[in-house]
Structure formats: C-alpha cells, structure tokens
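Chain by chain, the residues:
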Amino acid sequence: MTKVRPRMTHLFEQLGLDASAEGIAKFITDHQLHKDFNLLDAPYWTEAQRQFLSEKIASDGEWAIVVDQLNESLHEDATTKS
C-alpha cells in the first residue's frame, strides 16, 4: 500500500473546502488573521473543522506540518506588515 503524504489540497478536502489551487488561494487571501490570533480561534471554522485541525496539530505528524503551513499562510499579511 502506498502512503500519500498530506498536502494542502488534501487538507482543504478534509475541511470540506474548495481544494482547487484557485479555491485555496482565495480562501487564504480572504481569511487573513491578525498576528496574535490563533488559527483555531478563527471565527470561520465550524466546530468539526476546528476539531479536525486541533487533532492534526496534536498528532505532531505529517498532517501537523500541513496545518502549520496553512497557519503561516493565514498569517502572511500580519507578518509582512509592520
């Protein structure tokens, strides 16, 4: 059995979001977070999405890396603006 490494598209699929390149880019652009705002506290997650993200972060595995990449992307504006 071949194990597929999780990618951003897989994460978006698991979250029930548009997993196309355009959909991911739009979500990230439209949902930027303040630098001090925790990813899991973002108001746009459903409880199921929040729980999924929390579990993947806690797993400290390959999924945690992808969730961290999403977190960094959602804070991109906050880190580039002074």
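Parameters and conventions
Residues numbered from 1 in each chain as written. Predicted model: local features only at pLDDT ≥ 70, side-chain atom pairs only at ≥ 80, totals over all residues. Heavy atoms only, no water. Core = buried A, V, L, I, M, F, W, Y, C linked by side-chain atoms within 4.5 Å. Buried < 20%, exposed > 50% of the residue type's maximum accessible area, 1.4 Å probe, protein only. Helix = DSSP H or I, 4+ residues; strand = E, 2+ residues; numbered from the N terminus. Contact = heavy atoms within 4.5 Å.

J.: Lay out the nonpolar core in plain terms, naming residues and giving numbers.
T.: In summary, soluble globular proteins display a tendency toward joint burial of nonpolar side chains. Counting residues in hydrophobic clusters, the biggest one holds 18 residues, and the most contacted among them are Met 8, Leu 11, Phe 12, Trp 45, Leu 70 and Leu 74. Mapped onto this core, the elements with two or more residues apiece are helix 1 (8–14), helix 2 (21–30), helix 3 (47–59) and helix 4 (62–74). For this core, the element with the highest residue contribution is helix 4, accounting for four residues.

J.: Explain the environment of Met 8 to me, using residue names and the numbers behind them.
T.: Within the secondary structure, Met 8 is located in helix 1. Relative accessible area serves as the criterion here: at 17%, Met 8 is assigned to the buried category. Put simply, Met 8 and Thr 80 are 72 residues apart on the chain and 22 Å apart in space, counted from C-alpha to C-alpha. Not counting residues within four places of it along the chain, the set of residues in contact with Met 8 comprises Ile 24, Val 66, Gln 69 and Leu 70.

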